[in-house]
Amino acid sequence: METPTFPCRRVSLGKPVSNSRDIVNKWLESRIDENWVLVGGSTLAGEAHAWVALTVLKRNIERRKMKSNTLDGEFIRLLSGTHHISLGFSRAGIIEGDEYAWIVDLSESDEQSDYAMQAEKMGFELLSVRPSLDIFDASRLGIESGASEDIAIGHIHLADIN
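Residues numbered from 1 in each chain as written. Predicted model: local features only at pLDDT ≥ 70, side-chain atom pairs only at ≥ 80, totals over all residues. Heavy atoms only, no water.

Q: Just checking my understanding: could you explain the overall build of the protein chain for this structure?
A: Across its full length, the protein chain holds six helices and four strands. Helices and strands in the protein chain line up, N terminus first, as β-α-β-α-α-α-β-α-β-α. What you see for the protein chain is a C-alpha radius of gyration of 14 Å, in line with the 15 Å of a compact globule of 162 residues. Each of the three principal axes of the protein chain carries a C-alpha extent, and together these read 40 × 35 × 35 Å. Counted over contacts in the protein chain with a minimum sequence separation of 6, partners at least 24 positions apart contribute 78%. If you sum the accessible surface of the protein chain, you get close to 8200 Å²; carbon and sulfur atoms cover 49% of it. (Helix = DSSP H or I, 4+ residues; strand = E, 2+ residues; numbered from the N terminus. Rg over C-alpha atoms; globule rule 2.2 N^0.38 Å. Contact = heavy atoms within 4.5 Å. Areas by Shrake-Rupley, 256 points an atom, 1.4 Å probe, with all protein chains shown as cover.)

Q: I'm lost on the packing of aromatic side chains in this one. Help?
A: Note on aromatic pairs: each is described by the distance of the centres and the angle between the planes. Applying the stated criterion across every chain, the model contains three aromatic pairs. Judged by centre distance (5.1 Å) and plane angle (85°), the rings of Phe6 and Trp51 are edge-to-face. With Phe6 in the segment before strand S1 (8-12) and Trp51 in helix H2 (residues 47-62), the pair connects residues that are 45 residues apart, well separated along the chain. With 6.4 Å between their ring centres and 5° between their planes, Phe6 and Phe75 make a pair best called stacked. Placement of Phe6 in the segment before S1 and of Phe75 in helix H3 (residues 71-80) is noted, with a sequence separation of 69 residues between them. We note that Phe6, like Phe75, is buried. Through pairs of rings, three or more aromatic residues link up here, namely Phe6, Trp51 and Phe75. Geometry around Trp102 places Arg10 over its ring, the cationic atom sitting 5.4 Å from the centre. (Phe/Tyr/Trp six-rings, centres within 6.5 Å; stacked < 30°, edge-to-face > 60°. Buried < 20%, exposed > 50% of the residue type's maximum accessible area, 1.4 Å probe, protein only. Lys NZ or Arg CZ within 6 Å of the ring centre and 35° of its normal.)

Written out as structure tokens, the structure is:
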């Protein structure tokens, strides 16, 4: 069975990030709503990995178990496999040196015109690349035991183990 396409688009930031705070603040001011997330360009191991992170996010919302006060913070924390929100941002958020990112639509509407508008507002270039192990950086997320999509999925579940 083929995994459905996850609602995200890879973007080129144009140049390596020198001040992540500036980019993140601009993103927060210009995004459509809180369902739009900007994550590091090497943080998604594949379509299934991204879907599992979103599914766990929705479960945490339903159970009132979110550790972050925001949807983007919780999604990033889950990708990072940690209960520490600040560590999550340093792993899966935009950091100095990044040249690529993923624009993620947590609402799942996946309107291509919305991605284009978001990218244009930020001065990003939309790319056709999809999440894959070829561009995934397991070590950045704190994964020390390999770089498969299954390991990345298991790493998400570590975020909520107490």
